[in-house]
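These are the residues of each chain, in order.
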Amino acid sequence: QQQVKQSPQSLIVQKGGISIINCAYENTAFDYFPWYQQFPGKGPALLIAIRPDVSEKKEGRFTISFNKSAKQFSLHIMDSQPGDSATYFCAANRSGATNKLIFGTGTLLAVQP
Amino acid sequence: NAGVTQTPKFRVLKTGQSMTLLCAQDMNHEYMYWYRQDPGMGLRLIHYSVGEGTTAKGEVPDGYNVSRLKKQNFLLGLESAAPSQTSVYFCASSLGLAGGSETQYFGPGTRLLVL
């Protein structure tokens, strides 16, 4: 049962452009939404995370937008760079659930120079 | 500080063979996890542990067993490997504080091919 749906499956963006990846969740008990970044041959690493008490969180060129009523959240990468080329996973969890993250299926981002 | 390490990096098995994947962390984390990553499926939780001597089933536990005899180590066993277990396996760990919003630190992965 896929509780977090992620799109698109792959994305090609020109250098300097904006990359947007979307996720939707079903369980209204979820209250923690991280994004993980994975480079080829490496394990995923936390990029940025948000809790539903705010609608947006920004860290450098990376922004999470959160829409609680629509049960959707998205990752925006501003001024995308070739070094951002990686696979991005959204995830969700609820407090007290022993930190068991439910991951989306991933988005392969390629930023062309 | 090595973080989370996994051995081996790559392994080829024949159907029916057994093997153990080792995960070690040096961050004194309470929680540890085993995931498998398959194309188009994302990361799926196999088993996890909330402390030394404890284990629990995740989303896809069938065909796997785990043990956490020492806090720093989490072993994943395949008793009789099947081609469907061909995957990349990731171990992760987290502090284990209450709240459910902790960063998980992942190892580099083990690529397993079952023929």
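Computed from a prediction, not measured in an experiment: that's the story for all the values here.

Some details on the state of the cysteines
All names here are of chain A.
For step 1, the next point in the chain: Evaluation of the coordinates by the stated rule reveals two disulfides over all chains.
For step 2, the next point in the chain: The disulfide partner of C23 is C90, and the S-S distance across this bridge is 1.9 Å. Across the disulfide from C23 to C90, rotation about the S-S bond amounts to roughly -95°, and the bridge is consequently left-handed. One end of the pair, C23, is in strand 3 (residues 19-25); the other, C90, is in strand 9 (residues 86-92), and 67 residues separate them in sequence. Assigned by exposure class, C23 and C90 land together as buried.

Quick look at unusual backbone geometry
For step 1, the next point in the chain: Omega for the bond connecting S7 of chain A with P8 of chain A falls within 30 degrees of zero, at -5°, which places this linkage in the cis form.
For step 2, the next point in the chain: For P8 of chain A, the position within the fold is in the loop between strand 1 (4-7) and strand 2 (10-14).
For step 3, the next point in the chain: Residues other than glycine seldom take positive phi values, yet N28 of chain B does so here, at roughly 60°.
For step 4, the next point in the chain: Position of N28 of chain B relative to the elements: it lies in the loop between strand 3 (19-25) and strand 4 (31-38).

Brief notes about the layout of surface pockets
For step 1, the next point in the chain: Taken as a whole, the largest pocket holds about 620 Å³ of empty space.
For step 2, the next point in the chain: Lining of the largest pocket is provided by 30 residues; of these, Q38 and T87 of chain A together with Q37, V88 and R111 of chain B occupy positions nearest its centre.
For step 3, the next point in the chain: Residue assignment for the lining of the largest pocket shows that the elements contributing at least two residues are strand 9 and strand 11 (107-112) of chain A together with strand 4, strand 9 (87-94) and strand 11 (110-114) of chain B.
For step 4, the next point in the chain: For the lining of the largest pocket, the per-class residue count stands at 11 nonpolar, 15 polar and four charged.

Considering the interface of chain A and chain B
One frequent convention defines the size of an interface as the accessible area lost when the parts assemble.
For step 1, the next point in the chain: Facing the 22 residues of chain A at the interface are 23 residues of chain B.
For step 2, the next point in the chain: Carbon and sulfur atoms make up 52% of the area that chain A and chain B hide from each other, which totals about 1,700 Å².
For step 3, the next point in the chain: At the surface where chain A touches chain B, the tally comes to zero salt bridges.
For step 4, the next point in the chain: On inspection of chain A and its partner chain B, the count reaches two residue pairs in polar contact (both at pLDDT 80 or more).
For step 5, the next point in the chain: When its residues are assigned to classes, the side of chain A that touches chain B shows seven nonpolar, 11 polar and four charged.

A word on the pairing of strand 8 (residues 72-77) of chain A
Residues and elements named next belong to chain A.
For step 1, the next point in the chain: Here strand 3 runs beside strand 8; their pairing, made up of six bridges, is antiparallel. Within strand 8, the residue paired with I20 across the bridge is H76.
For step 2, the next point in the chain: Direction of pairing for strand 7 (residues 62-67) relative to strand 8: antiparallel, over a ladder of six bridges. In the strand pairing of strand 8, F66 is matched with F73.
For step 3, the next point in the chain: Where strand 7 hands over to strand 8, the hairpin turn is made up of four residues, of which K71 adopts a positive phi near 55°.

So, the sheet that holds strand 7 of chain A
Residues and elements named next belong to chain A.
For step 1, the next point in the chain: If you trace the five strands from one edge of the open sheet to the other, you get 1-3-8-7-6, paired in antiparallel fashion. Two strands lie at the open edges of the sheet, namely strand 1 and strand 6 (56-59), each paired on one side alone. The average undirected angle you get between the axes of adjacent strands in this sheet is 15°.
For step 2, the next point in the chain: Pairing analysis gives four bridges linking strand 6 to strand 7, with the strands arranged antiparallel. By the bridge assignment for strand 7, E56 is matched with S65.

Thresholds applied
Residues numbered from 1 in each chain as written. Chains lettered and ligands numbered in written order. Predicted model: local features only at pLDDT ≥ 70, side-chain atom pairs only at ≥ 80, totals over all residues. Heavy atoms only, no water. Disulfide = S-S within 2.5 Å. Helix = DSSP H or I, 4+ residues; strand = E, 2+ residues; numbered from the N terminus. Buried < 20%, exposed > 50% of the residue type's maximum accessible area, 1.4 Å probe, protein only. 1 Å grid on protein atoms, 1.4 Å probe; cavity = no way out; pocket = protein on both sides within 12 Å on 5 of 7 lines; lining within 4 Å. Points joined across faces, edges and corners; volume = space filled by probe spheres on them. Nonpolar A, V, L, I, M, F, W, Y, C, P; charged D, E, K, R; others polar. Contact = heavy atoms within 4.5 Å. Buried area = accessible area lost by both parts, 1.4 Å probe. Salt bridge = Lys/Arg side-chain N within 4 Å of Asp/Glu carboxyl O. Polar contact = N/O pair within 3.5 Å; in protein donor to acceptor, adjacent residues only side chain to side chain. Pairing = 2+ DSSP bridges. Axes fitted to C-alpha atoms, helices over the stretch in contact; angles between N-to-C directions.

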